[in-house]
Structures are given as structure tokens and as C-alpha cells.
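This is what each chain is made of:
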Amino acid sequence: MKLHEYQSKRLFAQHGIPVPQGEVAETPEQAREIAARLGGPVVVKAQVLVGGRGKAGGVKLARTPDEAEARAKEILGMTIKGLPVKKVLVDPAADIREELYLGAVLDRAARRVAVMASAAGGVDIEEVAATTPEKIVTVRVDPLVGLADYQARELAYGIGLHDKGRVRSFVHIARALYEAFVASDASLAEINPLAVVGDGQLVALDGKIVLDDNALFRHPELADMRDEAEEAEAERQARVNGLSYVELNGTIGCMVNGAGLAMATMDVIKLFGGEPANFLDIGGGARAEKVAAAMRIILSDPHVKAVLINIFGGITRGDEVARGIVQALEEVRPSVPFVARIVGTNAEQAREILQAADMVTASTLAEAAQKAVELANR
Amino acid sequence: MKLHEYQSKRLFAQHGIPVPQGEVAETPEQAREIAARLGGPVVVKAQVLVGGRGKAGGVKLARTPDEAEARAKEILGMTIKGLPVKKVLVDPAADIREELYLGAVLDRAARRVAVMASAAGGVDIEEVAATTPEKIVTVRVDPLVGLADYQARELAYGIGLHDKGRVRSFVHIARALYEAFVASDASLAEINPLAVVGDGQLVALDGKIVLDDNALFRHPELADMRDEAEEAEAERQARVNGLSYVELNGTIGCMVNGAGLAMATMDVIKLFGGEPANFLDIGGGARAEKVAAAMRIILSDPHVKAVLINIFGGITRGDEVARGIVQALEEVRPSVPFVARIVGTNAEQAREILQAADMVTASTLAEAAQKAVELANR
Amino acid sequence: MSILVGNDTRLVVQGMTGREGGFHTQQMLAYGTQVVAGVTPGRGGEVAFGVPVFNTVREAVRETGANTSVIFVPAAFAADAILEAADAGVRLVVAITEGIPVLDMVRVKKFVDERGVLLVGPNCPGLLTPGEAKVGIIPGTIATSGPVGMVSRSGTLTYEVAYELTRRGIGQSTIVGIGGDPIPGMNFIDVLRRFQEDPQTEIIVLIGEIGGTDEEQAAEFIRDHVTKPVYAFIAGRTAPPGKRMGHAGAIISGGEGTAENKIRALEAVGVKVASHPAEVAELIERDIG
Amino acid sequence: MSILVGNDTRLVVQGMTGREGGFHTQQMLAYGTQVVAGVTPGRGGEVAFGVPVFNTVREAVRETGANTSVIFVPAAFAADAILEAADAGVRLVVAITEGIPVLDMVRVKKFVDERGVLLVGPNCPGLLTPGEAKVGIIPGTIATSGPVGMVSRSGTLTYEVAYELTRRGIGQSTIVGIGGDPIPGMNFIDVLRRFQEDPQTEIIVLIGEIGGTDEEQAAEFIRDHVTKPVYAFIAGRTAPPGKRMGHAGAIISGGEGTAENKIRALEAVGVKVASHPAEVAELIERDIG
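1. Concerning the overall build of chain A
No. 1: When helices and strands are counted, chain A shows 13 helices and 18 strands.
No. 2: Once the C-alpha set of chain A is aligned to its principal axes, its extents read approximately 75 × 50 × 40 Å.
No. 3: The buried share among the 378 residues of chain A stands at 54%.
No. 4: Within chain A, contacts between residues separated by at least 24 positions form 66% of all contacts whose residues are at least 6 apart in sequence.
No. 5: In the structure as shown, chain A presents an accessible area of about 15,500 Å², 48% of it carried by carbon and sulfur atoms.
No. 6: Considering chain A, the positive charge centre built from 43 side chains and the negative charge centre built from 52 side chains are found 1 Å apart.

See below:
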């Protein structure tokens, strides 16, 4: 789960990281009031959960409250990468002298949290990593001791800081960032830029936190930060129904049990010239109501021209799954064609049940995919 | 540094351990008020930093506020093992059904924190450990993960708990105790008894915490809990002057540089028939003011009949140390005889300086001890 | 022969009296696995499915000589359950549970490694040595004993490939589901090493997916240490970057973890990578036929 | 020959520009120790006592090939300094600093052990290999090269014993002060093993004190693994229970850690225990005379 910039910065502030004293506005009038209260020039920043909002015109400077209102009006009317802007953050404009990068991320290969810093902040850090990796300094955190001061100093000196006070601030911020990361069960927490401003202080001008969905159960206050307005309706439905769903751009809806098999199903559709409309894992078992919810979610995508059901009957017997599907079909009554392929335990009976319900069936995934592609292209 | 029972229990309560809702009184009137406020019978408990106060009559039951006042008056007039009772804790009397023991302690051999539990609580746990060690269950905590729930359960089932709710409470309390231990940098934290009371709940009826003196610098709020009234004046002086001092029962004061050498000096005094009056390590170097402070502390003990100074001149040259001693002697002007033995670098010059100041000198520790014993026995 | 689980496996089931744990305990018993103990705190002294239940794993190990544990407890308590098993003296812990927070796994992984305990999973289907032992939830019906060692990050996708092999009469030595989490216990390399050393295993099948770099590291290991023929399938060629594909570990991020990279790395060291799941069995049948 | 430090020691001094660090750096240089680097955060690039100063130990190791570190930084920062040294690739860390919180040492000890780095101290005088290298604060004047390996929990008491040996013409191979804290890095056993293996060392002197059970464990080790003659002195026969005798580790508690226990354990395995410090040298002189 991603947090908004303003949410991330609040969380950073709770752990003692200096952030600008801005506030969030949902209307241009509120933006004006905040700008008036702050005094001086401000930055109006779209709060959307996608990257590249700067290039899209979602971040603008305003010299006066009037200007802040005007800029907020423009930005609140925008749609960035398909997401309408519902909130803006109004921050005091900073006198930026240098832009650093500081981030904590799970390093899967090292099985550790990695903390990274760079003097080349303010830009996309993945680009820095790809083009000039030597500009990024990384330390890996031993969970026994957490991020140690010496590691934070290695980062500070490694990116060329030398002023004693600045090194001390940086060490403090790096430790606070790691603490925020651990305390919130994040998988990513970054400050970009960590700016050196006019008076020489370090300030987190922008922040990004991605939380580990699996750990939300122990952070109800963070789970409450979820911005449902930013979530596509289908994704919300999937989440509520305990389904894994990712919308894609194709025309063939997929319903599969198991994440690996669901990806493989998408791949095979593509292999036979089709385009999958989604990833959807219904998980173990296949009770009718779950199948029905999955069907509704798939069919809510208007681009879907055909649906492929691919089920491996393992512990759950294939015939039971088939009956669940038939029951769900009766409930949902879809208008696009379905192709079903059930393999494994009692697959033959399953096939008979599905055929009796006038469903197109297939015995191999390849055959099923070919049939679905054919039906979708009609 | 030891904490009082009431301080320990407050600290436990901060970490979520159930404790009785008592309060501290410094006068019998306050004890009456507290008893009246609590309602029902109370226990009046002497707050002194020594063990065995129960046997000494420092813990008494009172049925009414009047009785509480009377009992408090008795106890506040007592001296337990040389320490006057300045405070009493007035706790509601508990309906005790069972008494358990739960403690966390540094296990030096394992280089871990050990958490121990026993169903034989309420008595001296060292006695239980000595006579029926099988009644104590111990787990050792891996600092990587802290006290894990499974370990707390092993303790609970290990001491024979089986009621589900009670096991859950015990696990909660054990974890809280470990957290309190770590958060306060304790070297010992124990609940004895952890009582099962009338309604089946677990309550920490008595508590004891010993803090790591070396960690007090990062816990100013705990350092402030030091009860200077409970500290002998000589110990307070030593602490303030950065000296290690322990009062003993003999007649020969000792001033030594280095803890091991100071103990050895005591041992050699004993070997030659004397009794050391104290342990005192003046640490590295030997500046005159530190030596003077040490002299004053030693001489504040009226039993001291002679003083033995034993200094190994290493990095600090012996002649410099001797000059520091002579300067301190001029300041303090002691009335008891001093024997000085300085060995190591420039020991010869040191001896000449001390002899010129009319001090008895010796070249070996054995000789010095013999002379001191002789002088003390005059 | 087999790896990790077999006739000598003496299994303790953590969470045996729960719904999932109970169901799969019966399945494992039916398969012939020696399930010697169950653990559910507070249920010690009971007997379920003919198996004694204990309050702690330590007690279960002491009383029954269990050497392997399988974990069905809910995600919130699963990390603690793994620690408990690792500290109680079993040699292998198989964690079926999905949804354990990843920072818990950072500590858990270090903890088990320090004690030399093997961990498979979490978020995995477990292991199956056909005809000997089933530890986890892999359906016994899909497999038969034979020369193919299988290791996979996925569940049903693995069943599919195994089933196709079995249908063609090609059996398996051991099927190991290492799970779909970002920080798994044993990884591909840990399992490949054991298949390379296992005399029964003649052919190895590796089933990977997007996310992380484990397949790339496996390719290096295969180049340097594996002499047996390796076949692979990698799921997720069509997965978009930045989206989690069901498994917590199946995500392409920062340009890392694409199926293309993994396929390229494997093919470069001589692994035959199938373009669809059923093709794995087809390729093997053709080569050994 | 010698153990732990010698002619091949390349030393980095952490906290070199502080008062204590500076003074003892000069002493170590004067003794002939190869001090190759100093570390003080924020002073990187400077030169002190002719030695280059770096901001981090990693940089110091990379630039100078330092293989040993000695730590003079204040207690509040010393645990971090040990971690830094252990992580930077030196093989031996000697922590002179007194007053490190003991719970910090629980983690630090595990951290260094995991990396196979040796730690001597904290709260110790360091090591001296007469004529070769001095790492710490042991005065060079008290020692001369010879056959006696010394290991001790104390500072000046050790100097006293070494001085007495030297005065009688009996030299030392290496003097190791393991320090007076409850959780030391290397313990008696770690050092005894090295003395037993060291060809120069013919006689071993162990100087213990009250607190803990390290001397008792050392006695067991001596019984099983040490063939060279061992002499000992144990300080604190007259120390009362429950009182900390200066050193954080010198405390009798719970009936554990008495001098009597330790002396009994050592004598039982053939160690000659002196009744006062000077007697150690007397006993040795008599035996080798």
C-alpha cells in the first residue's frame, strides 16, 4: 500500500525528520488560506499515487495566496496518469542549495534492509542507479543491531558531506528514516530530495512510503490511511473479497487458482496471440460466492471480450470447483463467452458438468487459450 | 543502582504489567489518607533498599485507616539493617491464591538475558535455586528477536499453568517484563510474588529492579530516581568524585589504583592478620584533588586506624603520584598513620619524596600490609 | 532416495487443531506420512486424528522425536511458530502460512540460519517425496516416484507441471515448493545443490516467476555446480512492472525481476526453458525418449 | 612468537585525536607498534603524530591495510565503534573504554562472533607482546620478552605481577588483559587455547577475580586441553557478596563468583594459585630455577 507524500512526511516528522510545515487542501480556497497562513511563496503539489506528477504539471510555485488558489484550482482539476487529483499539499517554498537522496528498501538478495544515499537527489533514483551507480552509496542493516551510527556516517561521508553539523543531522535523519521504516513495516521509505536549504539545514522536501500489505494487520492507524478514492473500484472489490487482482490492457479476462498459474495463464494467452485483461488469483478452494465475485470484477472491465477459467484441482476436487463455477454463472449471468479448463483430480467429471452448463471447455491450457483468443477476436 | 519496590512497580506498570493501585507515604497521616482512599484492608511496606524487610517487621497488614496510620508510624520509626525507613508503600491487601516468580537477569555465562519463572514464588528465589533448582524454568533470550512468545509459553507451561486466559496473561507479563528490562537497561528485574489473586488475575505484588550503572547516562529519568537518603554519605562522595568505594568492617583503609589491585590489597591485608576497612579504586592517574577526596572518604570511617596506599606507577610516573599524595596529605592532614607503597616507573624517586614527607613506605605489598597491620593494632 | 523429506521424516504439525491444519494433517496421514505430534498451545494432552497434541514444540520433540515441522498457524503468529520450531531442535521447518510480514522474515531467516535449521517457505505448498512422505499441501495424486527433482516458487503451477510429467509416466524424486515470498527460507540454490547430490534425481525442473534475482543466481550456480540436465519455466512474461502478482515476491521493481532476464540467464547456462507449462514435460519426454 | 599482536600488527586507533587516544597513540608509537591509521569522524584528511586520520574505519582499512583496531572512544559511542571495526574487516578489536552498558555488549558480542572477529575487552588494558607491539595502555617498561603468557581480568594487578616477573629476569610472550566487564569479548579459554598452541609460551599465568564463572570454566579447559604449567592469582577473597568491586564484572551474586570457588576449581586441576600477587613470580622462579 502506497502512502501519499503528505502522509509519508507526517510519518517522517513523527520520527523526528525535519519536513516543511505545509498542509493539505481539498479546495482552492483552502489552498489560499494555507498559503496566507504560511506567508511567503509556496509550492502546490498534487497528491496522487503515481510517479511523474512534476512532468505532468502537478507541482507549481505560487508567490502569493491568490496565486496559490489559482494554481490549486488548476491542479485539482487535473487527471494524472488516469488518476483525478483530489488533494494538494501546500508547502512553503524552500531555498534549495543541494538535493540529496536517502532511502530505505528491502534488499531481497541480501535478505536485509538496505539504506541508500546519493548526492544526486531530486531526480529518479532508479535512473541514477542505472546510469551512474557509483553515485549511490548503500549499507545493509544487520537486524541484530539496526542501522548503526557508523553506517549512517559511512553514507554521509560516502556522498561527500563533510561539515560536522550536517553530518550529524544526516546521521540523525538516516536513523530516523530506518526507525520509521521498521516501525511502519515499510518495504520502501525514501526522501527525495533531502534538501540542503538556505540556512544549511537538511529538510525532507518530498517523501514516499510503501507499506508491506502483509503487516497492515498490526498497524490499524496506517491501514486507515488508505485512500480509497485513489483505488480503482475493481481493485477495491478484489481486496474486500480476498482476491488478488491486477487490471491489464487486454481483452481476455482470466480467473485462475494460484498466482504462478495465473501468470502462466496470461503468458499462454499472449503466446497464442491474445492479450490478457487482468491477473486474477482466486486462491485455494473455489466456493461459489468467491467465484461469483471474481466474475463480477472481471466483467466490470468493458474491454473484456472473453473469459478464461483455468483451475488446477488438487486437494479441492475438480467436480466441486465446476459446480461452484456453474452456480456463480447462474448468479452473474455474463454476456461474454467463457472458456473453462479444469485439470487434476476429477477433471473428467468437471468437464461434463461444465459442458452440461453450455460452457466451452478445454483439456489443456494451450487449447483453452487458443479458444479464448478466438472468441475474443470475433 | 537499585530501585525501591514502589519505583520498580511503577516502571512495570508503564510497560503494562498489572500492579496494585497503592501509593507512597512519608508520614503516618499520609498512610491513613491513602488507606482511606483505597478502602478495605491494606499492606504497609517499608521502602528500603535491603532484603529481608518482611522478617524485620517492615511489612504489616492494616484493616482500617486507623490501623494503617499506626502500622506506618511503627515502620517509619524502624531501622532495617542499618537503614532508616523514610517511606512506606500502602498497597491494597490482595487475596493471594498462588505465588509465582518471574524474573529477568543477565546470564553472564550465556552472554544473554535469562528469563526465569517458578511456581514457588513468594520466597527467596536464590534459596529455591540452591535447594530445588528443578522448580525454576529458564529461557535465554536471543537479542536478535527478544523474548519470543513461544519462550514465554514455555515458561508458563513449564511452571504448570494451563488455564488459557492465565497463560495468555503470563505471556503478556513476561514480555512486558523483558521490555521493561531492556528499556531501562536493567541487570535484574523481578516480580516476586507474581500472585494469582481471588478473581484469577495475575498481579505483580512485589517488584525489584537493579539498573546497570553504566547505562544510566542514557536514562536521566531513571538516574533521578536515586534515593540519596538511602546512600551512605561516603558512597555518595565517592560516586560524585568518580571513585569506586565500598565500605567494609575492618580498620585499615585502602587507597589503590585499579580494581583488581585494590581487591588484592584487601586480600593481602587479611593474609597478614588485618581487616580492610574499605575497597577504594582511585582509577588511572592520581591528581592531588582526587587523592585528597579519597583520603577524606576513607577517614570519614571512624573505625579506620591506619591507611595503606598501594599504587602501581605505570604510564603515570611514580614520582608524580607521590607528589600528588604529599599535596593531598597537606590538604587533608590526617590523624592516623599512612603507609605508602609505590612500585613501577620511578618508584625510587617516589619513595624518597614520600619519606621526605615523613610517610612510612614499603617496597612490597606484603611489607606494606604488615606495616599497616602493625600500625592499626597499636 | 529423495531430498529433505522421506521415510525417515517424523513430523510435528504446528496448528494441527485448526481448520487448515486439521484437514491437511488427515491428508498427510492418508498419504502415509509419519505424523508423530501436533502442537496447539492450550490443547496439550489431547489427541487429534490419533496423534498426540502438545503445548510446545520442545515438548513434542522431546516426547516423540519429531525431526520436521510443518506450520499451519495464522500469519500473525507464524513467525513465532517458525522460531519455536527452529529452537526446539527439528532439522527442517516447512511454513505453509501466507502473509507473514517481510521484516519478520528478515529476522526469522537469520535466526534459522544461525541454528543450521532448514526452512522451506513461508507461503509455499511444502514438499512431496512420492510414495514416501508429504509435508504440506501438495496433492499426492499428481505425483509418482521417479527421476525428476522439482523446485518451484509456485503452487498450482507446480502441480500442473508435475501432473503433466506423471501423465506421461515420468515420475519425481522430490517436489519442493520454496514459496512466493520476497524472503524465502531455502532458495533455488539450496535445493539445486541437494538435487545435484541426490542419486535418485537425474533431471531437474525449476519453476520460477518474476521478482527478485533468485533465478539469475540459480543460473550461475547451475553453470558452476550442476551437471544434471535442468528444465525450467518462468511465469510472468506478460506481467507489468510495479504490480504485485498475487505472491508478495512476484513484483518487477527497479528494472529488476523481469521474466526476460531470468529466461536469458537460464538459457545462457544451458537450461531448456519451456514457453508454456505443459512444454516442460514435452521437452523432457522428447529428450529421454 | 606471540599471540594476537606482534610485528605483523597494523593498528588503527579509533578516537586517536582525543585526550586518551592521543596520549596512548604516542606511547604505542614510541614502543614501536605499527600505528598506521587513526579514525575520528569529521577529522578525516588530517595527520596526527605522523599518522593519517580517517573519517571511518572502512576507509582506514582500505587505505592502510590495518588489521587490528584499538578503541579509546567514550563509553556512549564505544559499542558503535566496536561494531564499525568488526564490520570494516580488521581481525582483532581491542576496546580499552570502560563503562559500556552491558546490554549493548550482549549484541556486540554476538555481532563480532558472527563475523569471526576477535574482541579483547572492553574495560581492559589491552595487549603487550614485549619487544614487538603494544596495543592498549599496558606500560612497556614492566615487561620483557620471554616464556610466560599472561591473561588477566585486571590492569594494574597484572602490571604488578608482570613487573615482578621481569624484575626476576623472567620474560613474557604476550600479556592479554581481557578486561573486567561482565560480558568480555575473548575470555580466559579463548586466550588459554592460543597460549597452549604458541611455541614461545612455556608457562601460563592466569589472573582472575571474583564475579561470574569464567575461572571455573577455564579450570575445566585447563584440565582437558592445557599441558603447559599454569599459575594463577585470584583477587577478592575478602570481597563481600552483592557489592560491585570497581569492575562491573567483579561482583559475587546469588552465591556465584566467589574467590574460594575459583581457587578450588583451579587447584583441583593442578594450577598453582598464589596467595598474594608477588608470590606468582616466586613460585615460577622456584619451579624453573
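Back to the write-up after that little detour.
2. Notes on helix 12 (residues 347-356) of chain A
Residues and elements named next belong to chain A.
No. 1: Turning to helix 12, its buried residues number three or more, namely Ala-347, Ala-350 and Leu-354. Looking straight down helix 12, one finds its buried side chains confined to an arc of 55°; they lie on one side. Turned more than 90 degrees away from the buried face of helix 12, the exposed residues are Glu-348, Glu-352 and Ala-356.
No. 2: Residues of helix 12 that are buried sit in contact with helix 11 (318-332), strand 17 (338-344) and strand 18 (360-361).
No. 3: A positive phi of about 65° marks Asp-358, the residue just after helix 12.

3. Comments concerning the interface of chain C and chain B
No. 1: Contacts between the two partners involve 14 residues from chain C and, on the opposite side, eleven residues from chain B.
No. 2: Interface area for chain C against chain B, summed over the two sides, is near 1,300 Å², with a carbon-plus-sulfur share of 58%.
No. 3: Between chain C and chain B we count four salt bridges in total.
No. 4: The closest approach of N and O atoms between C:Glu84 and B:Arg153, which form a salt bridge, is 3.0 Å.
No. 5: In this assembly, chain C and chain B are joined by eight residue pairs in polar contact (both at pLDDT 80 or more).
No. 6: Going through the elements one at a time, helix 3 (75-88) and helix 4 (102-114) of chain C are the ones with two or more residues in the side of chain C that touches chain B.
No. 7: Of the residues in the side of chain C that touches chain B, the class split is three nonpolar, three polar and eight charged.

4. Concerning the sheet that holds strand 3 (residues 47-48) of chain C
All names here are of chain C.
No. 1: If you walk across this open sheet you meet the seven strands as 3-4-2-1-5-6-7, and the pairing is mixed. Taken across any chain shown, the strands that pair with only one partner, and hence form the sheet edges, are strand 3 and strand 7 (118-120).
No. 2: Examined bridge by bridge, strand 1 (residues 11-14) and strand 2 (residues 35-39) share four bridges and lie parallel to one another. Within strand 2, the residue paired with Gln-14 across the bridge is Val-39.

5. Details of the confidence of the model for chain C
No. 1: Confidence in the prediction for chain C averages 96 pLDDT; 100% of positions are at 70 or higher.
No. 2: Interface scoring of the predicted complex returns ipTM 0.94; its pTM is 0.95.

6. Quick look at empty space enclosed by the protein
Leftover empty space is mapped by rolling, across the atoms, a probe with the size of a water molecule.
No. 1: Here the structure, examined in full by the defined rule, presents one cavity of 30 Å³ or more.
No. 2: Counted as a void, the largest cavity has a volume near 100 Å³.
No. 3: The wall of the largest cavity is formed by 13 residues, among which A:Arg108, C:Asp181, C:Pro182, C:Pro184 and C:Asp214 lie closest to the centre.
No. 4: Its residues assigned to classes, the lining of the largest cavity shows four nonpolar, four polar and five charged.

7. Notes on the nonpolar core
No. 1: Membership of the largest hydrophobic core comes to 159 residues, with the highest contact counts inside it found for A:Leu102, A:Phe170, B:Leu102, B:Phe170, C:Ile82 and D:Ile82.
No. 2: Apart from the residues lying within four places of it in its own chain, the contact partners of B:Phe170 are B:Leu102, B:Ala117, B:Ala152, B:Leu155, B:Ala156, B:Ile159, B:Leu161, B:Leu194 and B:Leu202.

8. Points about the packing of aromatic side chains
No. 1: Evaluated as defined, the whole model comprises four aromatic pairs over all chains.
No. 2: For the pair B:Phe312 and D:Tyr163, a centre-to-centre distance of 5.6 Å together with 85° between the ring planes defines the contact as edge-to-face. One end of the pair, B:Phe312, is in strand 16 (residues 306-313); the other, D:Tyr163, is in helix 5 (residues 156-167), on a second chain.
No. 3: Through pairs of rings, three or more aromatic residues link up here, namely A:Phe312, C:Tyr159 and C:Tyr163.
No. 4: Over the aromatic face of C:Phe111 sits the side chain of C:Arg115, whose NZ or CZ is 3.5 Å from the ring centroid.

9. Brief notes about the environment of D:Val161
Residue and element names in this part refer to chain D.
No. 1: In this structure, Val-161 sits in helix 5.
No. 2: Here the alpha-carbon distance between Val-161 and Leu-283, two residues 122 residues apart in the chain, equals 12 Å.
No. 3: Discounting residues that sit within four places of it in the chain, Val-161 has contacts with Met-150, Val-205, Ile-207, Pro-277 and Val-280.

10. Considerations on the pattern of salt bridges
No. 1: Per the counting criterion, the structure on display carries 98 salt bridges over all chains.
No. 2: Measuring nitrogen to oxygen at the nearest pair gives 3.1 Å for the salt bridge that ties A:Arg323 to A:Asp319. Taken together, the positions of A:Arg323 and A:Asp319, both in helix 11 and four residues apart, correspond to about one turn of that helix.
No. 3: For A:Asp319, a relative accessible area of 7% puts it in the buried group.
No. 4: Between C:Arg58 and C:Asp87 there is a salt bridge whose closest N-O contact spans 3.4 Å. Taken together, the residues span a long stretch of sequence, with C:Arg58 in helix 2 (residues 57-64) and C:Asp87 in helix 3 at a distance of 29 residues.
No. 5: On the basis of relative accessible area, C:Arg58 is assigned to the partly exposed category, the value being 31%.
No. 6: A relative accessible area of 23% means that C:Asp87 is categorised as partly exposed.

11. So, unusual backbone geometry
No. 1: For the peptide bond that leads from A:Asn192 to A:Pro193, omega is 10°, which places it in the cis range.
No. 2: Positionally, A:Pro193 belongs in strand 10 (residues 186-197).
No. 3: Of note, the bond from C:Gly121 into C:Pro122 is cis; its omega dihedral lies within 30 degrees of zero at 5°.
No. 4: One can find C:Pro122 in the loop between strand 7 and strand 8 (126-129).
No. 5: For B:Arg111, which is not glycine, the phi dihedral falls at a positive 55°.
No. 6: Along the chain, B:Arg111 turns up in the loop between strand 7 (96-107) and strand 8 (112-118).
No. 7: Residue B:Arg111 is classed as buried on the basis of its relative accessible area, which comes to 12%.
No. 8: The phi dihedral of B:Asp358 is positive, around 65°, even though this residue is not glycine.
No. 9: Looking at the secondary structure, you find B:Asp358 in the loop between helix 12 (347-356) and strand 18 (360-361).
No. 10: Take B:Asp358: its relative accessible area is 73%, and that puts it in the exposed class.

About the criteria used
- Residues numbered from 1 in each chain as written.
- Chains lettered and ligands numbered in written order.
- Predicted model: local features only at pLDDT ≥ 70, side-chain atom pairs only at ≥ 80, totals over all residues.
- Heavy atoms only, no water.
- Helix = DSSP H or I, 4+ residues; strand = E, 2+ residues; numbered from the N terminus.
- Buried < 20%, exposed > 50% of the residue type's maximum accessible area, 1.4 Å probe, protein only.
- Contact = heavy atoms within 4.5 Å.
- Areas by Shrake-Rupley, 256 points an atom, 1.4 Å probe, with all protein chains shown as cover.
- Lys, Arg positive; Asp, Glu negative; His and termini not counted.
- Charge placed at Lys NZ, Arg CZ, Asp CG, Glu CD.
- Arc of directions from axis to C-beta.
- Buried area = accessible area lost by both parts, 1.4 Å probe.
- Salt bridge = Lys/Arg side-chain N within 4 Å of Asp/Glu carboxyl O.
- Polar contact = N/O pair within 3.5 Å; in protein donor to acceptor, adjacent residues only side chain to side chain.
- Nonpolar A, V, L, I, M, F, W, Y, C, P; charged D, E, K, R; others polar.
- Pairing = 2+ DSSP bridges.
- pLDDT = per-residue confidence, 0-100.
- 1 Å grid on protein atoms, 1.4 Å probe; cavity = no way out; pocket = protein on both sides within 12 Å on 5 of 7 lines; lining within 4 Å.
- Points joined across faces, edges and corners; volume = space filled by probe spheres on them.
- Core = buried A, V, L, I, M, F, W, Y, C linked by side-chain atoms within 4.5 Å.
- Phe/Tyr/Trp six-rings, centres within 6.5 Å; stacked < 30°, edge-to-face > 60°.
- Lys NZ or Arg CZ within 6 Å of the ring centre and 35° of its normal.

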